Amino acid sequence: MDYFNEHWVTLVLTAFYVGGCLYIGWFFKKKASQGVEGYYVAKREIPGWVISLAFFSTSASTNTYIGQAGKSFQYGLSWAWMGLIWTFFCIVSWQLLGPKMRSQTARLKSFTIPDYFHLRYKSNMAKSIRVLSALIILFATIWYMVGIAKGCAHVLTSVLDIPYEYGAFAIIAVTCAYTIWGGMYSVLWTDAIQGIIMFGVAILMLAIPFMYAGGTANLMEAIGNTEHVTQQGEPMRSGLVTFGELVSFLYILGIGLAVGMKQISEPKNLIRFYSINNAKSMRFAMIWTPIFLGISLVCVMGLGALVHGMVNAEEAGYLIHHTDEVVGFMLDKYDNKFVNGICVAGLFAAGMSSLASVIIIIGTAFVKDIWHVVRPMDTSKIIPRTKWFMAGYCVLVYVLTLYPMAGIVELTAFAGAVFAASFFPAIFGGLYLKWGTDLGALASMVMGMLVNVVWRFGFRFEYAALKDIHEVIPAFLMAMLTYILVSLWSGKRKPDDAHLKLVFGTPKE
Amino acid sequence: MDFLTVFPYVGILVLVLLNAILVLKRDITVDSHNPE
């Protein structure tokens, strides 16, 4: 009984939250099963506020609320430059890609990112781009899913003492269930509710160090000059509040670009543009999505640095080597049942919203963009097979979560760099450049992967001057250049005028 | 606390505000289920 006395608030809130998610999945079960367009893109009939919150909750995950927030314990308040870069790319994504992508994908009847490549560039080579991009999605996404499942399971272990393997199973099973039942409908509506919770929890978490320290002046005095040590054992002194002292700006820029540019290239984000219902909704989402994301990042990106005001030298000496535990430690230290319960719900929301978004991307990529392309199937089989594949993939993610390999965080950032370099040129060119060709798109995709791999595993860590230059920078530039040069060189391969008229619509746009 | 440490926190807020003004001034059209 002691267990329930201690944890009842968190248990009740968690049960309420999980029940809500499952109810939404069940509610949309029938509607989502009526056709591929409904299951894959929610028939492009979702209101702007839902899409806006869903884009935000999909972009930010437990990697943000636990991983990135904890990192500023090591790097100081300057870590928020990450958030600024991230918000900038969120704005670029909505301004540059949003309206165009919604229009073109509706005209082309595109339901996934890989099939957009096929329908836009319209050739046999474009068909192979579709399969290649689906394969990239399958391989690049699994590390991200394992990382999130691991983060959520650790939260359950540290807050509710639930064994890791049970916690991981519960998280994956619940998310998988509501995603399979309601397809894109339940992903978007649960994402929206999770987005509201995450936004509130970001603000609440920021308040904790200030409340604990007894006000702004006390907290700033504590972190402004501290004897807590860096990873190398040197005292930080004013490092937490001084730009560039604990981490080089070049390093922040590289990680910031790798994470931020996922907004303009990663399918789980771009698929949001497909489902929005009209221009009025588009305008709402273009304004509010960066606000939701930006304010949340202002709250969490410097959180770890503020936690220095809550811990003693010995605790800081441990946490500096375990920054993933900083947020959990902060909640333990503050020790308020209600605050803990709400924050745990927020961390679940952060993890599950991103997990559900990639589960559906995985299912659609495999069934519609690989299987259906290689061996065309009757359309009535597409939804059931998508459901089965998603369930199977979740089992694989669970097994990998039980035996996680080292370096998942680095692999996830690397996957982000692959998306940015390999997908963005072909998408941007497809939306804006009538002279873009299938060969240009394919060459840029291959170049993006190649430069990423060669830069990272070839010579980035061989030369001291290059170690802070993230592979996303050279890979993105080379892929973009490749798209332009190869498209110009292979100009004859561009689709016929009638097709381009369909793609780009009437001149008034 | 130096200027460049504070900058991203203020910068994010200014950025989202500028974006809102830009979007309101922009003519937005989307493609054929729920016309405005």
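Residues numbered from 1 in each chain as written. Chains lettered and ligands numbered in written order. Predicted model: local features only at pLDDT ≥ 70, side-chain atom pairs only at ≥ 80, totals over all residues. Heavy atoms only, no water.

**Student:** It is not clear to me how the overall build of chain B should be interpreted in this structure. Could you clarify?
**Tutor:** On a plain count of helices and strands, chain B comes out with one helix and zero strands. Here chain B holds 36 residues, and the buried ones make up 31% of them. Accessible area of chain B: about 2500 Å², with a carbon and sulfur share of 71%. (Helix = DSSP H or I, 4+ residues; strand = E, 2+ residues; numbered from the N terminus. Buried < 20%, exposed > 50% of the residue type's maximum accessible area, 1.4 Å probe, protein only. Areas by Shrake-Rupley, 256 points an atom, 1.4 Å probe, with all protein chains shown as cover.)

**Student:** Help me out: how do you make sense of a nonpolar patch on the surface in this one?
**Tutor:** Residues and elements named next belong to chain A. A cluster of nonpolar residues, Trp-435, Met-478, Leu-481, Ile-484, Leu-485 and Leu-488, forms a patch on the protein surface that exposes about 540 Å² of accessible area. As for its placement among the helices and strands, Met-478 is situated in helix 21 (residues 472-489). Look at Met-478 and you get partly exposed, because its relative accessible area is 35%. (Patch = residues over 30% accessible without salt bridge, like charges linked within 9 Å, V, L, I, M, F, W, Y side chains within 5 Å. Salt bridge = Lys/Arg side-chain N within 4 Å of Asp/Glu carboxyl O.)

**Student:** Is there a simple way to explain the pattern of salt bridges in this structure?
**Tutor:** Side chains carrying opposite charge are able to pair once their charged atoms draw close together. According to the stated counting rule, one finds nine salt bridges over all chains in the structure shown. Ionic pairing is found between A:Arg44 and A:Glu37, a salt bridge with its closest N-O pair at 3.6 Å.

**Student:** It is not clear to me how the confidence of the model for chain A should be interpreted in this structure. Could you clarify?
**Tutor:** Note that predicted coordinates carrying low pLDDT should not be read in detail. Averaged over every residue, the pLDDT of chain A is 88; the share at 70 or more is 98%. Across chain A, the secondary-structure element scoring lowest on mean pLDDT is strand 2 (residues 235-237) of chain A, at 79, and the one scoring highest is helix 4 (residues 48-59) of chain A, at 95. (pLDDT = per-residue confidence, 0-100.)

**Student:** When you look at the interface of chain A and chain B in this model, what are you seeing that I'm missing?
**Tutor:** When the parts come together, some accessible area is lost, and that loss is often what is quoted as the size of the interface. Opposite the 38 residues of chain A that make contact, chain B presents 26 residues. The tally of links from chain A across to chain B stands at zero salt bridges. The tally of links between chain A and chain B comes to nine residue pairs in polar contact (both at pLDDT 80 or more). Elements supplying a minimum of two residues to the side of chain A that touches chain B: helix 6 (81-108) and helix 13 (279-300) of chain A. The greatest single-element share of the side of chain A that touches chain B, amounting to 12 residues, is contributed by helix 6 of chain A. In terms of residue class, the side of chain A that touches chain B is made up of 19 nonpolar, 10 polar and nine charged. (Contact = heavy atoms within 4.5 Å. Polar contact = N/O pair within 3.5 Å; in protein donor to acceptor, adjacent residues only side chain to side chain. Nonpolar A, V, L, I, M, F, W, Y, C, P; charged D, E, K, R; others polar.)

**Student:** So what exactly am I meant to see when it comes to the state of the cysteines here?
**Tutor:** Any covalent bond linking the sulfur atoms of two cysteines counts as a disulfide. Residues and elements named next belong to chain A. By the definition in use, this model includes zero disulfides over all chains. Cys-299 supplies the cysteine sulfur nearest to Cys-90, a cysteine that is in no disulfide, at a spacing of 16 Å. Among the cysteines around Cys-176, which has no disulfide bond, Cys-394 carries the closest sulfur, lying 3.3 Å off. (Disulfide = S-S within 2.5 Å.)

**Student:** Explain helix 9 (residues 164-213) of chain A here, please?
**Tutor:** One turn of an α-helix holds 3.6 residues; hence residues three or four places apart share an orientation. Residue and element names in this part refer to chain A. With 50 residues, helix 9 extends just 32 Å between its outermost C-alpha atoms, more than 12% less than the 74 Å of an ideal straight helix rising 1.5 Å per residue. The largest bend in helix 9 comes to about 125°, at Gly-183. One or two steps after helix 9, the chain reaches Gly-214, where phi turns positive at roughly 85°. (Expected span 1.5 Å × (residues − 1). Bend = angle between axes of the 7 residues up to and from the residue.)

**Student:** What's the story with the nonpolar core in this structure? I'm lost.
**Tutor:** Soluble globular proteins tend to pack their nonpolar side chains together in the buried interior. Core analysis: the largest hydrophobic core is formed by 184 residues, its most contacted members being A:Tyr65, A:Trp94, A:Phe117, A:Met205, A:Phe423 and A:Ile427. With 21 residues, helix 8 (residues 124-160) of chain A is the largest single contributor of residues to this core. (Core = buried A, V, L, I, M, F, W, Y, C linked by side-chain atoms within 4.5 Å.)

**Student:** Before we go on, may I ask you to explain the packing of helix 8 of chain A against helix 20 (residues 438-459) of chain A in this structure?
**Tutor:** Packed helices, taken two at a time, are described by their axes: the angle between them and the distance between them. Residue and element names in this part refer to chain A. Close contact between helix 8 and helix 20 brings their axes to 9 Å; oriented N to C, the two are set at 25°. In terms of orientation, helix 8 and helix 20 fall into the roughly parallel class. Between helix 8 and helix 20 lies a crossing of left-handed hand. Judged by residue contacts, Met-125, Ala-126, Ile-129, Leu-132, Ser-133 and Ile-136 of helix 8 engage Asp-438, Leu-439, Ala-441, Leu-442, Met-445 and Met-449 from helix 20. (Axes fitted to C-alpha atoms, helices over the stretch in contact; angles between N-to-C directions. Parallel < 35°, antiparallel > 145°, perpendicular 65-115°, else oblique. Left-handed = near helix turned anticlockwise from the far one by under 90°.)

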